[in-house]
Each structure stands twice: as C-alpha cells, then as structure tokens.
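Structure assessment
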Amino acid sequence: MLLITCPWCGPRDEAEYHYGGQAHVPYPERPADLDDEQWAAYVFYRDNPKGPFAERWTHSTGCRRWFNVLRDTVSYQVLASYRLDAPRPELPQAGGDR
C-alpha cells in the first residue's frame with residue numbers, strides 16, 4: 001500500500017484516495033474546433049513513462065481536495081506531493097553530485 005501525503009491533511013494510506021490520471025494535461029484552447037481524432041487523443045491518450053510521473057489524486061475520504069503526486073512508476077515510491085496551484089517539484093538528477 002502506498003503512503004500518500006495530502007498537502008492539507010498529511011500522510012494517509014492509499015485507500016483514502018482516488019487516482020485521477022496524468023497531471024499537467026492542458027485543456028484544449030478551442031475544444032469545439034477539434035475533430036473526433038484530436039478530441040480522442042486529448043481524452044484517451046496519456047504518457048506512460050518508466051520512472052517519475054506526475055499524477056492527479058483526490059483525498060476522497062478526507063478533505064476531498066485534488067492535488068498532484070510525483071510517483072516513480074518502477075518502484076511505486078511517492079517522490080513528492082504538491083497542490084494544483086504549485087509548480088512541479090524538480091527532482092535531483094540520478095547519481096547526483098558527490
């Protein structure tokens with residue numbers, strides 16, 4: 001089970017949250033101008049990287065607020081949690097300075 005830190009309530013078990021998909025996906029500026037293929041790409045196609053990935057989560061049994069989580073898709077480790085109005089945190093480079 002993941003331990004996810006809600007920016008408002010603190011650390012809680014994964015069971016208190018619901019996953020909301022990829023974070024930082026911009027809404028189309030003019031959605032009425034999209035054809036079916038473009039709209040389908042916006043709605044259904046998301047990145048699926050190996051490594052750090054920004055996701056949206058909601059604290060459904062707590063404060064019910066949405067926030068972002070930076071999670072490693074290989075290890076499932078939660079790297080950071082941050083509010084929707086905050087920028088994505090920078091992660092240290094692999095190997096780092098010695």
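Everything that follows concerns the structure shown earlier in this document.
Just so you know, the residues in each chain are numbered from 1, in the order the chain's sequence is written. Predicted model: local features are reported for residues with pLDDT of at least 70 only, side-chain atom pairs are reported and counted for 80 or more only, and whole-chain, interface and lining totals are derived from all residues. Each side-chain value is worked out from all heavy atoms of the structure, with water and hydrogens disregarded.

Some points on the pairing of strand β1 (residues 3–6)
The rule is simple: take the accessible area with a 1.4 Å probe, protein chains only, and divide by the maximum for that residue type; under 20% is buried, over 50% is exposed, in between is partly exposed. Secondary structure elements are taken from DSSP: a helix is a run of H or I of four residues or more, a strand is a run of E of two residues or more, and numbering for both begins at the N terminus. Here β1 shows a clear split, with Ile4 and Cys6 buried on one side and none of Leu3 and Thr5 buried on the other. Bridge count between β1 and strand β2 (residues 10–13): four bridges; the pairing is antiparallel. Looking across to β2, one finds that Thr5 is bridged to Pro11. Hairpin remark: β1 followed by β2, antiparallel, with three residues in the connecting loop. At least two bridges found by DSSP between two strands are what make those strands a pair.

Overview of the sheet that holds strand β3 (residues 18–22)
Think of a sheet as strands paired side by side through backbone hydrogen bonds, with each pair either parallel or antiparallel. Strand order in the open sheet made by the four strands is β3-β4-β5-β6, with antiparallel pairing throughout. At either margin of the open sheet sits one strand with a lone partner, and together these are β3 and β6 (78–83). The sheet shows a mean angle of 30 degrees between the axes of neighbouring strands, direction not considered. As defined by bridge partners, strand β5 (residues 66–72) adjoins β6 across five bridges and the pair is classed as antiparallel. In this analysis, axes come from line fits to C-alpha atoms, helices being fitted only over the stretch in contact, and the angle between any two N-to-C directions falls in the range 0 to 180 degrees.

Description of unusual backbone geometry
The phi dihedral of His24 is positive, around 65 degrees, even though this residue is not glycine. Inspection of the secondary structure puts His24 in the loop between β3 and α1 (36–44). The phi dihedral of Arg64 falls on the positive side, at around 65 degrees, and the residue is not glycine. The topology assignment puts Arg64 in the loop between β4 (52–58) and β5. Residue class for Arg64 comes out exposed when judged on its relative accessible area of 60%.

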